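One-letter residues, chain by chain:
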Amino acid sequence: MVAVDELTAAFGAAVDDKVFRQDFDYLSRTFSGRPTPVYRADRLTEQAGGAEIWFKREDLCHTGAHKINNALGQVLLARRMGKRRIIAETGAGQHGVAVATVCAKFGLQCEVYMGVDDMARQAINVYKMQLLGATVTPVESGSKTLKDATSEAIRDWVTNVRTTHYVIGSAVGPHPYPLMVREFQSVIGREARAQMLTETGRLPTAVVACVGGGSNAIGIFAPFYDDPIRLVGVEAAGRGLNSGAHAASIGAGRPGVLHGSFSYLLQDADGQVQATHSISAGLDYPGVGPEHAYLHEQRRAEYVSVTDEQALAAFHQTSRLEGIIPALESSHAIAYAMPLAAELAAEDLVLVNLSGRGDKDLDIVRGATGG
Amino acid sequence: MSRIAATFARLRAQQRLALIAYLTVGYPRLDVTPSLVEAAAQSGADAIELGIPFSDPLADGRTIQAASQQALKAGVTVARALEAASAARKTTDVPLLFMTYLNPILAFGLERFCRVAADAGVDGLIVPDLPPAESAELRRAADASQIDLVFFVAPTSSEAGIAAACRTATGFIYCIAVTGVTGARAELDPALLPLIETVRLHTSLPIVVGFGISRVEHLRALTGKADGVIVASALLDAIAQAPEDAATQVRRFLSDLRREPTA
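No experiment lies behind these values; they were computed from the predicted model shown.

Q: Give a description of the interface of chain A and chain B that names residues and reports values.
A: Contacts between chain A and chain B engage 27 residues on the former and 27 residues on the latter. Where chain A abuts chain B, roughly 2,000 Å² becomes buried across the two surfaces, and 52% of that area is made up of carbon and sulfur atoms. Among the residues chain A hides against chain B, the three largest losses belong to Arg 155, Asp 270 and Gln 272 of chain A. Together they make up 29% of the total. For the pair chain A and chain B, the number of links is one salt bridge. Of the charged contacts, one joins Asp 56 of chain B and Lys 147 of chain A as a salt bridge, the two residues approaching to 2.8 Å between their closest N and O atoms. Scanning the region where chain A abuts chain B turns up 12 residue pairs in polar contact (both at pLDDT 80 or more). Sorting the residues of the side of chain A that touches chain B by element identifies helix H8 (146-160), strand S9 (254-258) and strand S10 (261-265) of chain A as the ones contributing at least two each. In terms of residue count, H8 of chain A provides more of the side of chain A that touches chain B than any other element does, eight residues in total.

Have a look at this one:
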């Protein structure tokens with residue numbers, strides 16, 4: 001508890017500090033490669049046959065996904081707090097690579113917890129983290145995936161809290177994490193909003209983003225809260241919501257408590273957390289950020305889901321029609337944006353958060369499509 | 001007076017440290033818990049803490065994680081844990097407490113859980129992922145069923161955190177002996193004794209030390225300082241050495257722990 005109290009105070013002071021914000025902005029520009037552009041996806045637009053489809057190109061960030069935004073913000077904060085050791089959990093490895101990258105830049109000790117099953121699925125990212133000087137610690141407990149890596153990182157944090165900062169990768173966990181992750185990720189939405197106004201002279205009709213824990217979605221949604229536009233979160237329906245093999249916490253879960261937050265949770269009748277499935281490791285988490293639960297209940301955002309198969313189809317379409325190989329996570333958002341665009345008029349705009357690139361997923365896609 | 005208060009009052013008068021034994025419900029076998037409670041109570045345990053297994057036990061180290069997984073696989077549910085407590089109550093008068101995480105009891109219903117637990121003869125409840133500031137609803141449910149709700153303090157706790165735990169807790173204060181998760185350890189944290197002294201300034205409730213307590217030396221070091229200790233992972237480790245003869249392991253381990261110093 002003292003750990004989160006200390007962090008809440010430090011975070012509050014940092015966001016009010018001009019120097020901290022200048023450091024974050026400067027390194028976002030020179031190290032992470034911000035701002036990322038918005039891009040009109042002409043051939044997908046033509047294929048859908050309705051609204052214009054635009055991408056916010058977070059795939060062009062350093063390390064290949066939006067994860068670097070939060071990693072940079074939190075590591076800067078940890079430095080302010082005098083913490084010399086950084087820990088993180090990772091599923092697909094994107095967050096782990098982002099944290100290991102920022103730690104290498106600042107010369108901080110870094111340990112990343114990763115389920116042994118995920119380590120096997122994402123061997124290249126394990127090697128990247130090791131190249132960057134991080135220790136990757138295999139997690140053998142529970143389901144051996146992201147939720148167990150998160151539990152193990154929390155156990156490490158409570159044990160080593162005096163020296164260590166825990167960088168959570170998504171908009172989950174105890175307060176202030178969901179708020180902090182939103183703060184560092186909302187650079188996506190601030191940029192996108194201004195860029196859409198510059199490029200098209202108007203706001204998008206809808207903003208679409210994939211939701212696992214929900215960090216890229218909250219980052220692009222938050223700056224649009226007061227605008228009269230639709231916000232759509234796309235969860236992973238895996239093999240279908242009726243199959244039991246999915247990760248759609250809002251679509252099929254009930255309110256519950258995991259990792260220090262009260263939100264929608266995939267659980268059995270007895271309150272035990274259920275195993276999840278998604279072809280995309282980054283969406284393979286049984287909970288969802290509490291702010292998404294709030295947006296859902298307030299009906300400010302809509303939450304839908306897309307199957308593995310639909311996401312794979314969007315992955316291939318985007319690769320061939322746009323020359324962009326998207327992450328499987330982001331492919332979920334594209335898979336929903338296409339039919340959504342088809343329902344809308346030609347003057348409407350659908351903005352998709354292309355949260356990451358698909359290099360990490362090539363083996364999985366090749367396996368799923370048989371060659 | 002509650003069973004918990006009466007037990008501590010009696011032991012305090014005798015200047016004895018309370019020994020609380022932790023058992024994971026349904027470990028090492030689904031139906032074994034009532035007999036292990038009986039064995040523990042007959043071998044020096046002054047109270048028993050029954051862990052209802054949860055899929056994601058954040059505050060627990062490897063031993064309790066593994067026991068929890070095994071018990072869940074065997075089919076332990078909240079309802080079965082309540083039945084086990086009820087059966088255990090028929091074998092002993094020592095205080096029984098449940099230790100579990102918030103989500104299983106939230107799914108069962110907080111009020112219903114407290115009511116059924118009290119009917120089963122359970123005296124207290126420990127929920128490590130519930131901070132005092134978030135506990136009002138469970139507090140009401142526990143009060144309505146007259147069961148105690150225990151809170152934690154740790155070596156890293158701030159003075160305000162200690163004060164909040166002491167204000168909110170009933171039964172006793174659970175003083176975490178180490179900075180970290182559960183699991184047997186060789187040495188006690190040097191910050192522990194000063195922590196106990198600080199907690200005393202905030203409460204007259206008994207102070208019970210847990211996490212890492214595993215040796216007779218730990219008990220001796222805490223006699224006259226704390227009011228009790230909780231032995232969890234070390235007891236489960238002993239059971240794991242001969243799970244087919246779990247009751248004998250419980251008896252042997254607790255009797256050894258209660259051994260008076262020789263010479």
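Q: Tell me about the environment of Ala 88 of chain A, and please be specific about residues and values.
A: All names here are of chain A. Within the secondary structure, Ala 88 sits in strand S3 (residues 85-90). On the basis of relative accessible area, Ala 88 is assigned to the buried category, the value being 0%. Between the C-alpha atoms of Ala 88 and Ala 98, which are 10 residues apart in sequence, the distance is 10.0 Å. Those residues within four positions of Ala 88 in sequence are excluded, and the remaining contacts are His 95, Val 99, Glu 111, Val 112, Tyr 113, Ala 153, Tyr 166 and Val 167.

Q: Could you give an account of the sheet that holds strand S5 (residues 148-153) of chain B, with specific residues and numbers?
A: One closed barrel accounts for eight strands, arranged S1-S2-S3-S4-S5-S6-S7-S8 (chain B); its pairing is parallel. When strand polarity is set aside, the average angle formed by the axes of neighbouring strands in this sheet is 30 degrees.

Q: How would you sum up the sheet that holds strand S8 (residues 230-238) of chain A? Please name residues and give values.
A: Residues and elements named next belong to chain A. The six strands are arranged S1-S2-S12-S7-S8-S11 in an open sheet whose pairing can be described as mixed. Looking at the sheet topology across the chains shown, the edges are occupied by strand S1 (38-40) and strand S11 (302-307). Pairwise comparison of adjacent strand axes, ignoring direction, gives a mean angle of 30 degrees for this sheet. One ladder, built from five bridges, connects strand S7 (residues 206-210) with S8; its direction is parallel.

Q: Help me get a handle on the nonpolar core, residues and values and all.
A: One finds Ile 48, Phe 98, Phe 172 and Val 209 of chain B to be the most contacted residues of the largest nonpolar core, which totals 159 residues. In this view, Ile 48 of chain B contacts Ile 20, Ala 21, Leu 23, Val 37, Ala 40, Ala 41, Val 94, Pro 95, Leu 96 and Leu 97 of chain B; residues no more than four positions away in its chain are not counted. Counting residues in hydrophobic clusters, the runner-up holds 31 residues, among them Cys 210, Val 304, Ala 314 and Ala 337 of chain A.

Rules used throughout
- The written sequence of each chain sets the order in which its residues are numbered from 1.
- For this description, chains carry letters from A and ligands carry numbers from 1, given in the order in which they are written.
- Restriction of local features to residues with pLDDT of at least 70 applies here, the model being predicted, together with a cutoff of 80 or more for giving and counting side-chain atom pairs; totals for whole chains, interfaces and linings are based on all residues.
- Hydrogens and water are ignored here; the side-chain numbers use all heavy atoms of the structure.
- Throughout, a residue-residue contact means that at least one pair of heavy atoms, one from each residue, lies within 4.5 Å.
- Summed over both partners, buried area is the accessible surface (1.4 Å probe) that two parts give up on being assembled.
- Here a salt bridge means any side-chain nitrogen of Lys or Arg lying within 4 Å of a carboxyl oxygen belonging to Asp or Glu.
- The term polar contact refers here to a pair of N or O atoms within 3.5 Å; inside protein, the definition further demands a hydrogen-donor-capable atom paired with an acceptor-capable atom, and it admits residues adjacent in sequence only when both atoms are side-chain atoms.
- Helix and strand assignments come from DSSP, with helices taken as H or I runs of at least 4 residues and strands as E runs of at least 2, each series counted from the N terminus.
- Exposure is judged per residue with a 1.4 Å probe applied to protein chains only, and the accessible area is read against the type maximum: over 50% gives exposed, under 20% gives buried, and values in between give partly exposed.
- Only strands joined by at least two bridges in the DSSP assignment are considered to pair.
- To get an axis, a line is fitted to the C-alpha atoms, and for a helix only the part in contact is used. The angle between two axes follows their N-to-C directions and goes from 0 to 180 degrees.
- Throughout this description, the term nonpolar core refers to a set of buried Ala, Val, Leu, Ile, Met, Phe, Trp, Tyr and Cys residues connected via side-chain atoms within 4.5 Å.

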